[in-house]
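As a plain string of letters, each chain reads:
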2 protein chains.
Amino acid sequence: MDFSSRLLEQAVEQIAKLPGIGKKTALRLALHLVRENPAYTTQLTEALGKLRSEISLCKTCFNISDHELCPLCQSPRRDKSIVCVVEDTRDVMAIENTSQYQGLYHVLGGVISPVNGIGPGDLRIEQLIQRVSESGSEVREIILAFSSTMEGDTTGFYIHKKLSSLSVKVTSIARGIPVGGDLEFTDELTLGRSILSRTPVQ
Amino acid sequence: MDFSSRLLEQAVEQIAKLPGIGKKTALRLALHLVRENPAYTTQLTEALGKLRSEISLCKTCFNISDHELCPLCQSPRRDKSIVCVVEDTRDVMAIENTSQYQGLYHVLGGVISPVNGIGPGDLRIEQLIQRVSESGSEVREIILAFSSTMEGDTTGFYIHKKLSSLSVKVTSIARGIPVGGDLEFTDELTLGRSILSRTPVQ
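The structure reproduced in this document is the subject of the present report. Since this is a predicted model, take the numbers as computed values, not measurements. Think of each chain on its own: its residues are numbered from 1, step by step along the sequence as written. The naming scheme follows written order: chains are lettered A onward, ligands numbered 1 onward. Totals for whole chains, interfaces and linings use all residues, but because this is a predicted model, local features are given only for residues with pLDDT of at least 70 and pairs of side-chain atoms are given and counted only at 80 or more. With hydrogens and water excluded, all non-hydrogen atoms of the structure serve as input to the side-chain values.

Residues and elements named next belong to chain A. Strand pairing is defined by DSSP finding a minimum of two bridges between the two strands. Every helix listed is a DSSP run of H or I at least four residues long, and every strand listed is a run of E at least two residues long, numbered separately from the N terminus. As summarised here, the arrangement of the four strands in space is β4-β3-β5-β6, forming an open sheet in which the pairing is parallel. The open sheet has two edge strands with one neighbour each: β4 (103-107) and β6 (169-172). Neighbouring strand axes in the sheet, compared pairwise and without regard to direction, differ in orientation by 25 degrees on average. Here helix α5 (residues 89-98) sits on the sheet and contacts β3 (79-86) and β4; the angle it forms with β4, its principal contact strand, is near 160 degrees. In this analysis, axes come from line fits to C-alpha atoms, helices being fitted only over the stretch in contact, and the angle between any two N-to-C directions falls in the range 0 to 180 degrees. The contact rule is simple, with two residues in contact once any of their heavy atoms fall within 4.5 Å.

The following block contains the structure:
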């Protein structure tokens, strides 16, 4: 691309470093900023700057938080005996949206992925073990809630093994046919798993 | 969405105001910034801030520029007798990429679009008329290069009428079958126009 302005080129370069945003989209966004009210650019850059400099992680569950403890860990209404282990903050938000879970979380910050150079040491697995063993017997159940991918399964398996020496029940979220899903068009792996993990009809 | 952090929520809110970016993408981008090296966020916000505060428009062609005159208007190698009128900077970049045009540009800053409340007065049409009439007879040809939409056609027609009192040739970029395009699958409007605007074989 041939830029008439060095400032525009630099802005496009920086925006295009964001995931899923190419040079063309970056140019569109930069030109949008130029056309828009300057106040918006100020608001945007301030929000991003603050996000990066002031954000912290909850010291118990490692979820993104403005304070030492996140609202979930602070809440007296949450069941402290169950901890749901997830990959990142987006998974916490997705599970919270279901309104079906009243326990606490533990955010790993990723999943084991040798291809991307992420080993167990890069995740907050050690902190999870410590959290469970230090709780005495307060934590009674660990729910593994990972995506149904090779990385997710590997991470779940690794944590399960690590926790085996502690007297805590380890469960995994159910895999099966999605609600509204057509049995006929479900892939055989999912269908097979849904038969093996069948549940009693109540 | 249920945010565990007010800072994260504010950042997502601001990012989601960008065109074509929804709340989910905004959250993905914000979490990317949190994970990334803080230096990147600084570079990004600085580039955006500078873009907005220091950018100016070329006083001749109104293209985005770091200086009073853009590199194209300054260049002694460009043909000053032809002016190509376009909607915005992206069109200048697209035409420059073809390496087929050696003249100058005039950036309108939009097209006439009553639906979006954009009338001729909101565009730099008056400045174009002035530029042509003040040039004496230096500007000999005006090329209208707009998208082939109702708005583009309306704008072209309006400028053509406005320029009719001045002794300047007004042309429009050719409409027809795209290079590599299949005649059989070309819509009838384009095909009809390509027959009416047929060119002699050389």
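So, about unusual backbone geometry. Even without being a glycine, F62 of chain A presents a positive backbone phi close to 65 degrees. Note on placement: F62 of chain A falls in the loop between β1 (56-57) and β2 (64-65). Burial classes: relative accessible area under 20% of the type maximum marks a residue as buried, over 50% as exposed, and values in between as partly exposed (1.4 Å probe, protein chains only). For F62 of chain A, a relative accessible area of 17% corresponds to the buried category. Phi at S99 of chain B is positive, roughly 60 degrees, even though this residue is not glycine. With respect to the helices and strands, S99 of chain B occurs in the loop between α5 (89-98) and β4 (103-107).

So, on to the pairing of β4 of chain A. Residue and element names in this part refer to chain A. Judged by how many residues are buried, β4 sits mostly within the fold: five of five residues are covered. Bridge count for β3 against β4 is five bridges, and the pairing is parallel. Paired with V83 across the strands is L104, a residue of β4. Seen with its strands pointing away from the viewer, a crossover is right-handed when the path leading from the first strand over the helix to the second is clockwise. For the handedness criterion, the β-α-β arrangement of β3, α5 and β4 is classed as right-handed.

Turning to helix α1 (residues 6-15) of chain A, a few remarks are in order. Turning to α1 of chain A, its buried residues are L7, L8, A11, V12, Q14 and I15 of chain A. On an axial view of α1 of chain A, the arc spanned by its buried residues comes to 165 degrees, and they lie on one face. Along its buried surface, α1 of chain A packs onto α2 (23-35) of chain A together with α3 (38-54), β2 (64-65) and α5 of chain B. Two or three places before L7 of chain A, at the opening of α1 of chain A, S5 of chain A has a side-chain oxygen 3.2 Å from that residue's backbone nitrogen. Throughout, the arc means the angular range of directions from the helix axis out to the C-beta atoms. Counting of polar contacts relies on pairs of N or O atoms within 3.5 Å, with two restrictions inside protein: one atom must be capable of donating a hydrogen and the other of accepting it, and residues adjacent in sequence are counted only when both atoms are side-chain atoms.

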